[in-house]
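Listed below are the residues making up each chain.
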Amino acid sequence: MKKYFMSLILVIGFLKAYGQTDVKNSKDYYLLDRMPNYHIISYNETAFDAHSFFIENKKTPIEGKKFSIKYQHGKSDDKNFEFPTRLQILRNYSNAIKKAGGEIVSERYNSEWGHYTFKTTNAKEIWVEVKTSISAKTYTVTVIERQTMKQEIAINAELIKNKIELEGKIAIYGIYFDVGKSIIKKESESALLQISEYLRRNKAINCWVVGHTDSDGSFELNSKLSLERAKAIKKHLQEKYGIASNRLFAEGVGPLAPVASNNTEEGKKLNRRVELVKKQ
């Protein structure tokens, strides 16, 4: 492990800066050093957020731990100084990432940004956006350490609201059923209460309740089970919490929309979920 990170730092060491003053409590992302003579003027780190990357010409939100780091050249006030080109900044980062085993997801030279991804030896999936200003006096690196939101982050009405405003949906892992059944287990009540609170506070919002399964068993059985579970949740919200029937719509998609591989138990666990989706 130590040898890997040492070699990676050597690969991208040519990006090192010299003696610039960074904004307080900021730092480079630990796998990506900066261009020479740039310093950090803005830094933000959040435990769980999303950022959209162009994948096959379509904007796709990637979720996980997020870092946003904005750099400025030390001679940004010097009108006579010849700054690096926008493409030069992109190429430095893309070359470093490729040498670290990563790949270019997309690049657009007309607006000068690049989207890249790579994995570390412990299988951490890293997504990177590098976006330059027109003058190249500043550029911003946005990093997502991809992960699915862990249920240790307690589900609450405000989190549901924020996620639905951002993405139009939220995956909820706090609703439990016995294997192969659609009877809601009592330990699900906390999550159901927060869903009801969200709906009460946002009366103009109607939602699909969508059941998802892993790929174990037949497609027909999984599709039926996911629908039955979605209907059970809709009924529970109506009967216990008084949510009007015309605000909720149940659907089941079985294994058709996985968020992880079904080849591992952890992946299957992530795929077995309920999603609350805003009805347009």
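Going by the structure above, here's the rest.
Starting afresh in each chain, residues are numbered from 1 along the sequence in its written order. Since the coordinates come from a predicted model, pLDDT governs what is reported: local features require at least 70, and pairs of side-chain atoms require 80 or more to be given and counted, while whole-chain, interface and lining totals use all residues. Values reported for side chains reflect all heavy atoms of the structure, with hydrogen atoms and water molecules removed beforehand.

Asker: Describe the pattern of salt bridges, and please don't skip the residues or the numbers.
Answerer: By salt bridge we mean one thing: a side-chain nitrogen of Lys or Arg within 4 Å of a carboxyl oxygen of Asp or Glu. Counted by the stated rule, this structure contains 17 salt bridges. Between Lys163 and Glu63 there is a salt bridge; the shortest N-O distance is 2.3 Å. Here Glu63 lies in strand β2 (residues 58-73) and Lys163 lies in helix α3 (residues 157-167), a separation of 100 residues in the sequence. Note on exposure labels: buried denotes an accessible area under 20% of the residue type's maximum, exposed denotes more than 50%, and partly exposed covers the range between, all computed with a 1.4 Å probe on protein chains only. You can call Lys163 buried: its relative accessible area is 9%. Between Arg201 and Glu197 there is a salt bridge, and its shortest N-O distance comes to 3.8 Å. Residue Arg201 and its partner Glu197 are both found in helix α4 (residues 189-201); the two are separated by 4 residues, about one turn of the helix. Per the convention used, a helix needs a DSSP run of H or I reaching at least four residues, while a strand needs a run of E reaching at least two, with both numbered from the N terminus.

Asker: Go over the environment of Ala47, please, and point to the residues and values.
Answerer: Topologically, Ala47 is positioned in strand β1 (residues 38-55). Residue classification places Ala47 among the exposed positions, given a relative accessible area of 61%. Expressed as a C-alpha distance, the spacing of Ala47 and Phe67, which sit 20 residues apart in the sequence, is 9.0 Å. It only takes one pair of heavy atoms within 4.5 Å for two residues to be counted as in contact. With residues up to four places along the chain from it excluded, the contact list for Ala47 reads Gly64, Lys65 and Gln147.

Asker: Describe the sheet that holds strand β5 (residues 125-132), and please don't skip the residues or the numbers.
Answerer: Between any two strands, at least two bridges found by DSSP are needed for them to pair. Spatially, the 6 strands line up as an open sheet ordered β1-β2-β6-β5-β4-β3, and their pairing is antiparallel. Each of the sheet's edge strands pairs with one partner strand only, and the pair in question is β1 and β3 (103-108). Each strand axis lies, on average, 20° off the axis of its neighbour in the sheet, ignoring direction. Pairing of β2 with strand β6 (residues 138-146) involves 9 bridges; the strand directions are antiparallel. To define axes, lines are fitted to C-alpha atoms, for helices over the stretch in contact only, and angles between the resulting N-to-C directions are given on a 0 to 180 degree scale.

Asker: Describe in detail the side chain of Arg34, supporting the description with residues and values.
Answerer: Relative to the helices and strands, Arg34 is located in the loop between α1 (2-11) and β1. Within the local environment of Arg34, its side chain forms a polar contact with the side chain of Asp22, the two groups lying 2.8 Å apart. Within polar-contact distance, the side chain of Arg34 engages the backbone oxygen of Tyr38 at 3.2 Å. Think of a polar contact as two N or O atoms within 3.5 Å of one another; within protein, one of them needs to be a possible hydrogen donor and the other a possible acceptor, and neighboring residues in sequence only count if both atoms come from side chains.

Asker: A description of the packing of α3 against α4 should follow, citing residues and the corresponding values.
Answerer: Here α3 crosses α4 at 65°, and the two axes come no closer than 8 Å. Of the two possible hands of crossing, α3 and α4 adopt the one that is right-handed. Touching Ala157, Glu158, Ile160, Lys161 and Ile164 of α3 are Gln194, Ile195, Glu197, Tyr198 and Arg201, all from α4. Tallied by class, the residues present in the contact of α3 with α4 amount to 5 nonpolar, 1 polar and 4 charged. Handedness of a crossing is defined here by the sense of rotation of the near helix relative to the far one, left-handed for an anticlockwise turn of less than a right angle and right-handed for a clockwise turn. Residue type decides the class: Asp, Glu, Lys and Arg count as charged, Ala, Val, Leu, Ile, Met, Phe, Trp, Tyr, Cys and Pro as nonpolar, and the leftover types, Gly among them, as polar.

Asker: Got a sec to walk through the packing of aromatic side chains? Specific residues and values, please.
Answerer: Working definition: a ring pair exists when centres of Phe, Tyr or Trp rings (six-membered ring for Trp) sit within 6.5 Å. Plane angles under 30 degrees give stacked, over 60 give edge-to-face, the rest tilted. The full count for this structure, using the stated rule, is 9 aromatic pairs. A centroid spacing of 5.3 Å and a plane angle of 55° characterise the contact between Phe53 and Trp127, whose relative ring orientation is tilted. Placement of the pair is Phe53 in strand β1 and Trp127 in strand β5, with a sequence separation of 74 residues. We classify Phe53 as buried; its relative accessible area is 0%. Both rings, one in Phe54 and one in Trp113, keep their centres 5.2 Å apart while their planes meet at 15°; by these two values the pair is stacked. Residue Phe54 is located in strand β1, and its partner Trp113 is located in strand β4 (residues 113-119); the two are separated by 59 residues in the primary sequence.

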